[in-house]
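These are the residues of each chain, in order.
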Amino acid sequence: MSEAATNDDGEDDIATVNFKLTESFLEQVDDTWQGRGFNSRSEFIRYTLRDAVEFPTFDRDELVALLEAEEDIREGRTTSAEEARERFGTSDE
């Protein structure tokens, strides 16, 4: 489903979407929406999805790069600031 359909009065039709979650994750979702003052699970999920669509933070490639960088740090594959300045010919000024 790519876009919401619009009815004759110009308002979007409501669609029902079903998806599966583990019971433990559903418990976390329920704790979250209740703790943040949402009126229902559906309201929380709509808000969260709308926020993710309107304000995306990372795409898949960026997330993969972050995970690879974290692995490099854990494995000691890092470069000091001084080494980077020398390698790229920049100064610290």
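Taking an unreviewed UniProt entry as the reference, the protein is identified by name as Ribbon-helix-helix domain-containing protein belonging to Halorubrum rubrum.

Student: Just checking my understanding: could you explain a nonpolar patch on the surface for this structure?
Tutor: A cluster of nonpolar side chains, namely Val17, Phe19, Leu21 and Phe25, defines an oily patch on the protein surface of about 390 Å² accessible area. As for its placement among the helices and strands, Phe19 is situated in the segment before α1 (23-35).

Student: What am I meant to see in the pattern of salt bridges here?
Tutor: When the charged atoms of two side chains with opposite charge come close together, those side chains can pair. Overall, the coordinates contain 4 salt bridges when judged by the stated rule. For Arg77, the salt bridge identified is with Asp72, shortest N-O distance 2.9 Å. Asp72 sits in the partly exposed class, given a relative accessible area of 28%. If you follow the salt bridges from partner to partner, you end up with Glu71, Asp72 and Arg77 in one network.

Student: Would you explain a negative patch on the surface in this entry?
Tutor: A cluster of acidic residues, Asp8, Asp9, Glu11, Asp12 and Asp13, forms a negative patch at the surface. Turning to its location among the elements, Glu11 is positioned in the segment before α1.

Student: Any chance you could explain helix α3 (residues 60-74) here in plain terms?
Tutor: Residues spaced three or four apart along an α-helix point in a common direction, a consequence of the helix completing one turn every 3.6 residues. For α3, built from 15 residues, the straight-helix expectation of 21 Å at 1.5 Å per residue is met to within 8% by its first-to-last C-alpha distance of 21 Å. N-capping of α3 is provided by Asp59, with a side-chain oxygen placed 3.2 Å from the backbone N of Asp61.

Student: What is the right way to read the packing of aromatic side chains from this model?
Tutor: Centre distance and the angle of the planes are the two values used to describe a pair of aromatic rings. Scanning all chains against the criterion turns up 2 aromatic pairs. Aromatic pair Phe38 and Phe44: ring centres 5.2 Å apart, planes at 70°, arrangement edge-to-face. Judged on exposure class, the residue Phe38 and its partner Phe44 are both buried. Here Phe38 and Tyr47 contribute two aromatic rings whose centre-to-centre distance is 5.3 Å and whose plane-to-plane angle is 55°, an arrangement assigned as tilted.

Student: Would you take a moment to explain the side chain of Asp30 for this structure?
Tutor: Along the chain, Asp30 turns up in helix α1. For Asp30, a relative accessible area of 15% puts it in the buried group. In this structure the side chain of Asp30 is engaged in a polar contact, spanning 2.9 Å, whose partner is the side chain of Trp33.

What counts, and at which threshold
Residues numbered from 1 in each chain as written. Predicted model: local features only at pLDDT ≥ 70, side-chain atom pairs only at ≥ 80, totals over all residues. Heavy atoms only, no water. Patch = residues over 30% accessible without salt bridge, like charges linked within 9 Å, V, L, I, M, F, W, Y side chains within 5 Å. Areas by Shrake-Rupley, 256 points an atom, 1.4 Å probe, with all protein chains shown as cover. Salt bridge = Lys/Arg side-chain N within 4 Å of Asp/Glu carboxyl O. Helix = DSSP H or I, 4+ residues; strand = E, 2+ residues; numbered from the N terminus. Buried < 20%, exposed > 50% of the residue type's maximum accessible area, 1.4 Å probe, protein only. Lys, Arg positive; Asp, Glu negative; His and termini not counted. Charge placed at Lys NZ, Arg CZ, Asp CG, Glu CD. Expected span 1.5 Å × (residues − 1). Polar contact = N/O pair within 3.5 Å; in protein donor to acceptor, adjacent residues only side chain to side chain. Phe/Tyr/Trp six-rings, centres within 6.5 Å; stacked < 30°, edge-to-face > 60°.

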